[in-house]
Every structure is written in C-alpha cells, then in structure tokens.
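Commentary on secondary and tertiary structure
Listed here are the chains, written in short residue letters.
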Amino acid sequence: LGVFIGLSLWILAFTIFAFLEYIKTMFDKSAVLSVSDNGINDNLSIFSVGNISWTDITDIKITTALKTNFLVIVVTDPQSFIDRKSKLKQRPLKSFLKKFGSPIVISQKRIDYDLADLKEILLRIQLKFIAPVICLLLLTLSLDSCTSTMYKIYGIKNMKAVDDGMILEYAK
C-alpha cells in the first residue's frame with residue numbers, strides 16, 4: 001500500500017510539472033533562449049537557470065535520452081546554479097546533474113532549431129569572448145604555439161591581435 005501511494009504521488013507530481021512546463025512553453029512570451037556578449041540566458045522551462053556567463057561554461061554537448069536529444073551546458077560550478085532555485089526545483093536539477101553532468105539541460109522539444117547547429121554557434125560565440133583569456137593564460141607560449149593550440153581545440157586556423165580584441169579565422 002505504501003509503494004502504491006508513493007508511486008501515485010510521484011505520478012501526480014510529474015503530471016503537475018509536465019502541465020506547468022507545457023503552460024510556460026506555450027504561453028510565456030519570456031520563455032526563450034537568448035545569447036548575448038555576457039553569455040546565455042536560458043528561460044525556456046520551469047527548471048531553467050537563467051543567466052549563464054561565458055566564463056562559467058566549460059563545455060557544450062549533445063546527448064540522447066529516451067529518444068530525445070538534449071543540449072547540455074556544462075559549467076564550472078553546477079551547484080551554484082542549483083542553489084539559485086527554490087528547494088522544489090532543486091531536486092530535478094540535481095537529477096539532471098547526476099544524469100547529464102550538468103543542471104543545464106535543454107530538450108530539442110523546447111526549441112525549433114537544430115541542436116548540432118546551435119551547439120556550434122554557441123561554442124564559436126563563447127570562443128570569441130574567451131580566446132583572449134586562453135591566450136593570456138598561454139602567454140609563455142608564442143602566438144604561433146597559441147594559434148596551434150586553439151586550432152587543435154576549437155578549429156581556429158589563424159588568430160590576430162587587434163586593438164579591441166582578436167580576429168579569429170576558422171578552418172573550413
């Protein structure tokens with residue numbers, strides 16, 4: 001009897017969350033994924049974490065679970081993103097962290113854009129803002145060595161320092 005009640009409560013909670021998620025996605029005009037110079041603002045679902053700075057992002061990957069593709073944004077301190085949310089929303093985010101390696105998980109069903117293309121765009125935008133930082137960290141290397149390293153990691157063919165930043169030329 002206890003198992004039945006527990007299972008019934010879990011199914012009821014899942015149904016309520018699914019309904020709230022549907023309402024948010026369908027009717028909330030602020031339910032968007034936006035990208036800016038500061039980072040990514042994830043406001044697509046009731047479990048979204050909000051602003052994610054480019055410097056917080058360590059990886060962006062695509063994974064599949066239950067026949068659905070997910071964009072996973074891996075961050076340096078996932079617990080800080082979980083702590084931003086209410087106790088009720090922290091439980092699913094902790095589950096995402098355990099299953100996907102990050103609390104920031106965006107379902108293909110939430111966006112009308114190819115995830116592989118979105119991943120590529122996000123990585124290139126992120127690189128625009130962190131490449132100078134990476135090269136400063138590699139300051140002991142020559143610019144040629146830094147460019148070689150960036151090519152291996154990000155596919156950058158050429159880097160040129162300019163007054164207001166860097167020009168990055170990608171390999172095709």
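Here the structure is shown first, and the text comes after it.
What comes next concerns the included structure. Predicted, not measured: the structure shown is a model, and the values here were computed from it.

1. Some remarks on helix α3 (residues 87-100)
With 14 residues, α3 should reach 20 Å at 1.5 Å per residue; the first-to-last C-alpha distance of 20 Å fits that figure. All buried positions along α3 are accounted for by Gln90, Pro92, Leu93 and Phe100. Among the residues trailing α3, Gly101 stands out with phi positive, at a value near 90 degrees.

2. Some thoughts on the pairing of strand β2 (residues 39-42)
Of the pairings in the sheet, the one linking strand β1 (residues 33-36) to β2 comprises four bridges and is antiparallel in character. Within β2, the residue paired with Leu33 across the bridge is Asp42. Where β1 hands over to β2, the hairpin turn is made up of two residues, counted between the paired strands. In terms of strand pairing, β2 meets strand β3 (residues 50-53) through four bridges, oriented antiparallel. In the strand pairing of β3, Ile40 is matched with Ile52.

3. A word on the side chain of Ser107
Within the secondary structure, Ser107 sits in strand β6 (residues 104-107). Look at Ser107 and you get buried, because its relative accessible area is 12%. A distance of 3.1 Å separates the side chain of Ser107 from the backbone nitrogen of Lys109, its partner in a polar contact.

4. Points about the environment of Ile82
By the element assignment, Ile82 lies in helix α2 (residues 78-83). With near-sequence residues (within four places) excluded, Ile82 lies in contact with Gln90, Leu93, Lys94, Leu97 and Pro103.

5. Description of the nonpolar core
If you look at the biggest cluster of nonpolar residues, it comprises 21 residues, and the most contacted ones within it are Ile40, Ile52, Ile57, Leu71, Ile73, Ile104 and Leu122. Of all the secondary-structure elements, those providing two or more residues to this core are β4 (57-65), β5 (68-75), α2, β6 and α4 (115-137). Contacts of Leu71, omitting those with residues within four sequence positions, involve Ile60, Lys61, Ile62, Ile104, Val105, Ile106, Leu115, Leu118, Lys119 and Leu122. Formed by six residues, the second largest nonpolar core is a distinct cluster that contains Ala65, Val72, Phe100 and Val105.

Thresholds, definitions, all that
- Residues numbered from 1 in each chain as written.
- Predicted model: local features only at pLDDT ≥ 70, side-chain atom pairs only at ≥ 80, totals over all residues.
- Heavy atoms only, no water.
- Helix = DSSP H or I, 4+ residues; strand = E, 2+ residues; numbered from the N terminus.
- Expected span 1.5 Å × (residues − 1).
- Buried < 20%, exposed > 50% of the residue type's maximum accessible area, 1.4 Å probe, protein only.
- Pairing = 2+ DSSP bridges.
- Polar contact = N/O pair within 3.5 Å; in protein donor to acceptor, adjacent residues only side chain to side chain.
- Contact = heavy atoms within 4.5 Å.
- Core = buried A, V, L, I, M, F, W, Y, C linked by side-chain atoms within 4.5 Å.

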